[in-house]
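Spelled out, the chains give:
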Amino acid sequence: MGSLSVIEAGPGISLQDYGRPGYQRYGITEGGVMDRWALAEVNTLLGNAVDTAALEMIAMGGSFKVEGDVLKLATSGAEMDLQVDGAAVPWRSSFTVQPGQIIRCGYAKKSIYSYLQVAAGFDCTQVMGSFSTHSRSGFGGFNGRLVSAGDELPVMSCVASGVVINTQPQRLPIADYLSRETIRVVWGTQANVFSTEVRQALLNSSFSVSAMRDRMGARLSTDAGSLAADTGLSGVSDAVLIGDIQIAGDGVATVLLADRQPTGGYPRIATVITADLDAISQMPTGKAFRFELVTATQAVDALQNRKQALDRLDSNLTSVTRRPEDITDLLSYNLIDGVIAPGANH
Amino acid sequence: MASYDPIFPDIVPAGDSAALVRFSQTLDFNVNAALLEFDNYIASSPINGVTEVSPALVSLLVRFDPLQVSYKEVETQLQQMLQLKDWLLKPVVKDPAHWRIPVYYGGETGTDLNEVSQLLGVSEADAIEQHSQARLRVLTLGFAPGCCYLGMLPEAWNIPRLKVIKPQVPAGSILVAIGQTVMPSAAMPTGWRCIGRTPLNNFNATKLPPVQVKHGDTVQYYPVSAREFKKLQAASDNGLSVIEHV
């Protein structure tokens, strides 16, 4: 039985899948992966079902030792320096590792959320239909908490899961959602409590995600000034949506994300469309972007396009080919059984 | 019957994948009951493509997959349901459970009991009596898993929230403000005053449903001593039920 033992872990590593919709009525937020596209990518690289739970790393990776079995891994989301036993491996690709080898993921460059996955997925218990970790409430994932040094993360058996390990490493091109400069929105259910000036300011100003960001939400900086609502904050709490742009009493906007609270009383001026949730979640800290107002029809068309692109993700896979001159230690690899050890650097 | 704003209930889009059914813009005990009855009705006649329905205090979020069903179609079907009858007229919450829930009032756990009794202009003992004599309804669950919002307390309990948020109150805290009681199942920050603590943990991730006390249920609290509380808390920590189903 293979596993990854955690030697070092960044402060925000957790197991995540598409979350647990259906429990909001019990006060349980859907949660799940911050970048749904990247989860589909990392699983496509390995031939897993697109929603198989993967390790999400926030801004900082960690080191993992391969135990017990040959494993095939892949990465996606925010690019990190990735090394296996000190040799660089390209990001957004699959690679095979031997027992005893050490995988090291560095700091995220530009974007925030990175993903590490194994063929067949990690072995743990589903809670309310999902493997997602809800660390604030202490359930899901590995023992309901973030992954830390000393943990041993068991991997599902590929044989038992019917996953065929294709040892040929594959890669995906970087998707354009990681470099977006506009985020599309529709007006929120309480947009009418904001003045026309404030609503115009939302659409005409430059925004950036501040350092105050986490899985619950991202507080924005802007040159727009206060976006405070006309009326007070007497609104009765109602359901909060992922992507809601909430304006607190201080006039500052926060985009509510995967681990948002299920209900809230602050007015929400607009909502990021579903197709752009990955882009806003991954928006680099400090990078300028604008909000673009779209119609509901445009929002659904964008979602349809996204789904079509996602459905043909595997057609973007290309083989990772290695130039022989890059392979300094060619003779040390066992090429006979087709297991290609990592080290490709191109 | 109270007169309600004629524009309600209404249905508005929420993001690109949900419809929000609003019964009112202010909290009202009767409107909340109407909403819960409507929630029950939707559960009995599901709409194609709808993925989740979640009731808040006076509004109901209906999430759908826009690649399966259009907002227009969901809105039309919800509108038909709303027109079946006057939901605000004598609403009936279906099969509510009634619970008696122990609370250790005051002491080291209910640090704001004294302040609350002063705001009410009564003694601490009278404040405890008023709170524990009220028959409350679970108006909604929200904020965190299993966290109940109950109402309505007597008129005098319409006390404001704190100006400064407390960074953390423990699980089981009995919090009061604006005519309601909040009963969280985990430690959380709050702007409400804490008058006591219950050993009940209303959230269990391994059970379906994951909560014991749910929407529409009625609740009456009863005071227990510090000693009794400790005993019940130990039982609760061992997974035993500490509330009485009446």
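These figures come from a predicted structure and were not determined experimentally.

**Points about the confidence of the model for chain B**
Here's step 1: Overall, the predicted model of chain B reaches an average pLDDT of 94, with 98% of residues at or above 70.
Here's step 2: Both scores are given for the predicted complex: the pTM is 0.92, the ipTM 0.94.

**A word on the domain arrangement of chain A**
Residue and element names in this part refer to chain A.
Here's step 1: As assigned here, chain A comprises domain 1 (3-172 + 315-331) and domain 2 (180-294).
Here's step 2: Summarising the inter-unit geometry, the C-alpha centres of domain 1 and domain 2 are found 30 Å apart.
Here's step 3: Every contact between the two is made by 24 residues of domain 1 and, on the other side, 18 residues of domain 2.
Here's step 4: In total, domain 1 and domain 2 occlude about 1,600 Å² of area from one another, counting both sides; carbon and sulfur atoms represent 45% of this.
Here's step 5: Contact with domain 2 buries area across many residues of domain 1, yet Q24, M34 and R136 alone supply 35% of it, more than any other trio.
Here's step 6: Viewed at the interface, domain 2 and domain 1 are joined by 2 salt bridges.

**Some details on the interface of chain A and chain B**
Here's step 1: Residue-level contacts link 31 residues of chain A with 38 residues of chain B.
Here's step 2: Both sides of the chain A and chain B interface together cover about 2,900 Å² of buried area, and 63% of this is carbon and sulfur.
Here's step 3: Counting the surface chain A buries against chain B, the share from its top three residues, R25, Y26 and V236 of chain A, is 25%.
Here's step 4: Here R63 of chain B and E30 of chain A are joined by a salt bridge, their closest N and O atoms 2.9 Å apart.
Here's step 5: Counting across the chain A and chain B interface gives 11 residue pairs in polar contact (both at pLDDT 80 or more).
Here's step 6: When contributions to the side of chain A that touches chain B are tallied by element, the ones reaching two or more residues are β16 (238-239) and α5 (296-311) of chain A.
Here's step 7: Here the side of chain A that touches chain B gets 5 residues from one element, more than from any other, and that element is α5 of chain A.
Here's step 8: Here the residues of the side of chain A that touches chain B are counted per class, giving 16 nonpolar, 11 polar and 4 charged.

**Things to note about the packing of aromatic side chains**
All names here are of chain B.
Here's step 1: Per the stated rule, a full pass over the model turns up 13 aromatic pairs over all chains.
Here's step 2: Grouping aromatic residues by their ring pairs yields a cluster made of F23, F38, Y41 and W87.
Here's step 3: Sitting over the face of the ring of W87, K85 holds its NZ or CZ atom 4.9 Å from the ring centroid.
Here's step 4: The positively charged end of R137 is found above the aromatic ring belonging to F29, 3.8 Å away from the centroid.

**With respect to the side chain of R260 of chain A**
Here's step 1: Within the secondary structure, R260 of chain A sits in the loop between β18 (253-256) and β19 (263-264).
Here's step 2: Judged by relative accessible area, which is 2%, R260 of chain A ranks as buried.

**Digging into the pairing of strand β9 (residues 173-177) of chain B**
All names here are of chain B.
Here's step 1: Counting buried positions along β9 gives 5 out of 5 residues, so the element sits mostly inside the fold.
Here's step 2: Burial of β9 is two-sided: the residues S173, L175 and A177 facing one way and the residues I174 and V176 facing the other way are all buried.
Here's step 3: Of the pairings in the sheet, the one linking β9 to strand β10 (residues 180-183) comprises 3 bridges and is antiparallel in character. If you follow L175 over to β10, its bridge partner there is V182.

**Quick notes on unusual backbone geometry**
Here's step 1: For the bond from G151 of chain B to M152 of chain B, the omega torsion is -10°, close enough to zero to count as cis.
Here's step 2: When you line up the elements, M152 of chain B lands in the loop between β7 (148-151) and β8 (166-169).
Here's step 3: Residue L208 of chain B is joined to P209 of chain B through a cis peptide bond whose omega torsion reads -10°.
Here's step 4: By secondary structure assignment, the location of P209 of chain B is in the loop between β12 (193-197) and β13 (218-223).
Here's step 5: At R92 of chain A, a position not held by glycine, the phi torsion is positive, near 60°.
Here's step 6: Positionally, R92 of chain A belongs in the loop between β7 (87-88) and β8 (94-97).

**Comments concerning the side chain of S132 of chain A**
Residues and elements named next belong to chain A.
Here's step 1: Note on placement: S132 falls in the loop between β10 (113-118) and β11 (152-154).
Here's step 2: Looking at S132, the relative accessible area reads 0%, which means it is buried.
Here's step 3: Polar side-chain contacts of S132 include one of 3.2 Å to the side chain of Q16.
Here's step 4: Among the polar contacts listed, one links the side chain of S132 to the side chain of D17, at a separation of 2.7 Å.
Here's step 5: Dropping the residues within four chain positions of it, S132 is found in contact with L15, Q16, D17, G19, R20, G32, F139, G140 and G141.

Conventions used here
Counting from 1, residues in each chain are numbered in the order their sequence is written. Chain labels run from A onward and ligand labels from 1 onward, assigned in the order the entries are written. Since the coordinates come from a predicted model, pLDDT governs what is reported: local features require at least 70, and pairs of side-chain atoms require 80 or more to be given and counted, while whole-chain, interface and lining totals use all residues. Hydrogens and water are ignored here; the side-chain numbers use all heavy atoms of the structure. pLDDT is defined as a per-residue confidence score from the predictor, taking values between 0 and 100. Domain ranges listed in this record stem from an automatic or a database domain assignment. In this analysis, two residues are considered to be in contact whenever any of their non-hydrogen atoms come within 4.5 Å of each other. Note on terms: buried area is the combined drop in 1.4 Å-probe accessible area of two parts once they are placed together, counting the loss on both. Whenever Lys or Arg places a side-chain nitrogen within 4 Å of a carboxyl oxygen from Asp or Glu, that contact is recorded as a salt bridge. Under the rule applied, a polar contact is a pair of N or O atoms within 3.5 Å (in protein, one hydrogen donor and one hydrogen acceptor; residues adjacent in sequence only if both atoms are side-chain atoms). Per the convention used, a helix needs a DSSP run of H or I reaching at least four residues, while a strand needs a run of E reaching at least two, with both numbered from the N terminus. Classes in brief: Ala, Val, Leu, Ile, Met, Phe, Trp, Tyr, Cys and Pro nonpolar; Asp, Glu, Lys and Arg charged; the others, Gly included, polar. The pairing test for Phe, Tyr and Trp rings, Trp by its six-membered ring, is centres within 6.5 Å, and the orientation test on the planes gives stacked under 30 degrees, edge-to-face over 60, and tilted for anything in between. We count a charge as sitting over a ring when the NZ of a lysine or the CZ of an arginine lies within 6 Å of the ring centre and within 35 degrees of the ring normal. Relative accessibility decides the category of a residue: with a 1.4 Å probe and only protein chains considered, values under 20% of the type maximum give buried, values over 50% give exposed, and everything between is partly exposed. One bridge is not enough; two strands pair if DSSP finds at least two bridges between them.

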